[in-house]
Amino acid sequence: MKKLSKKNLNALWEIINEEYNLFLPKKDRGILKFKNFIEEGEVDLETLKTTVPLKNFVFPQNETYLKFKTENKKIKFKVEGVSEEKYVIFGARPCDIKSLEILDNIFLREPVDTYYKAHRDRGIIISLACNTIESSCFCEIFGIEPTSIFKSTDISLVDCGDFYYWNEVTEEGKILTEKLKNILENIEEVDKELHENRKEIIKKKSEENILNSLEINKIGELKEVLKMKKYGKSCQEDV
């Protein structure tokens, strides 16, 4: 474990961008999405949800698998592979990380989707725990805590005020951490205490959110109730 001082954020991003394609949550014309470090937009690590989901990096909406051309009345085919250029995503939220685990369970089981695997293998994900909870959040009923650490993330961060608590999870995360050793600081006992206190505060906020008190096995019943209310209101308006 390490800690990253917030005053060193830009310096850290610049170092990462020298070797990897770095993507950050940026706000551009009111829309928050992951954009390249060198692209225009204001970095926003406070807003919880990006408009474009994380899965677009590993499961793009469109992708070229095959190209062909006709030559002397014959068709020639060329198989298109996935770029081998490594990328880093900084600031992914736990709920987005969980979605990757679901996709992994589908596309990485036999027969493995080689294109999906190639996209996953070339990416390093640095997750950021939610430091607040929106009224529309319902992560806990699906077993997702705002400070959860999933196997699909490589490095996990928790906002502790003046610094981020940096926890390397995978081998890829440890390799990247080693490359950043000159900018990261060692954790002290007081930092660990602050980290645990911060996690407790976030967990309490999440538990107090009304949507997280729903029972998942009753969500179907709730949908039926809402549907009946909708149709009931419509009938009353027609009368």
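Note that the structure is a prediction, hence the values are computed from the model and not measured.

The rules behind the values
- Residues numbered from 1 in each chain as written.
- Predicted model: local features only at pLDDT ≥ 70, side-chain atom pairs only at ≥ 80, totals over all residues.
- Heavy atoms only, no water.
- Helix = DSSP H or I, 4+ residues; strand = E, 2+ residues; numbered from the N terminus.
- Buried < 20%, exposed > 50% of the residue type's maximum accessible area, 1.4 Å probe, protein only.
- Expected span 1.5 Å × (residues − 1).
- Contact = heavy atoms within 4.5 Å.
- Core = buried A, V, L, I, M, F, W, Y, C linked by side-chain atoms within 4.5 Å.
- Pairing = 2+ DSSP bridges.
- Arc of directions from axis to C-beta.

**Here's the deal with unusual backbone geometry**
For the bond from E110 to P111, the omega torsion is -5 degrees, close enough to zero to count as cis. One can find P111 in the loop between α2 (94–107) and α3 (114–121). Look at K73: it is not a glycine, yet its phi comes out positive at around 65 degrees. Of note, K73 is situated in the loop between β5 (66–71) and β6 (74–79). You can call K73 exposed: its relative accessible area is 88%.

**A look at α2**
Over its 14 residues, α2 runs 20 Å from end to end, which matches the ideal 20 Å to within 8%, given 1.5 Å per residue. Within α2, the full set of buried residues consists of P94, D96, I97, L100, E101, L103, D104 and F107. Looking at the buried residues of α2, the elements they touch are β7 (87–92), α3 and β8 (123–128).

**Quick word on the nonpolar core**
Of all hydrophobic cores here, the largest spans 22 residues; its most connected members are L12, I16, F90, I126, W166 and L176. Listing elements by their share of this core, those giving two or more residues are α1 (9–19), β2 (21–28), β7, β8, β9 (155–159) and β10 (163–168). Setting aside its immediate chain neighbours within four residues, W166 contacts M1, K2, K3, L4, L12, I126, I155, S156, L157, T177, L180 and L184. Counting residues in each nonpolar core, the second largest holds 17 residues, with Y87, L100, L103 and F107 among its members.

**Topic: the pairing of β7**
With respect to burial, β7 is a largely interior element, six of its six residues being buried. Note: β2 against β7, three bridges, orientation parallel. Across the sheet, N21 pairs through a bridge with Y87, a residue of β7.

**Focus: helix α5 (residues 189–208)**
Its 20 residues give α5 an end-to-end C-alpha distance of 29 Å, which sits within 8% of 28 Å, the value for a rise of 1.5 Å per residue. When we look at burial in α5, the residues that qualify are D191, H195, I202 and S206. The arc enclosing the buried residues of α5, seen along the axis, measures out at 50 degrees, which places them on a common side. Summarising the geometry of α5, the exposed residues directed more than 90 degrees from the buried face are E189, V190, E200, K204 and E208.

Bear in mind that shape data such as this cannot, by itself, settle questions of function.
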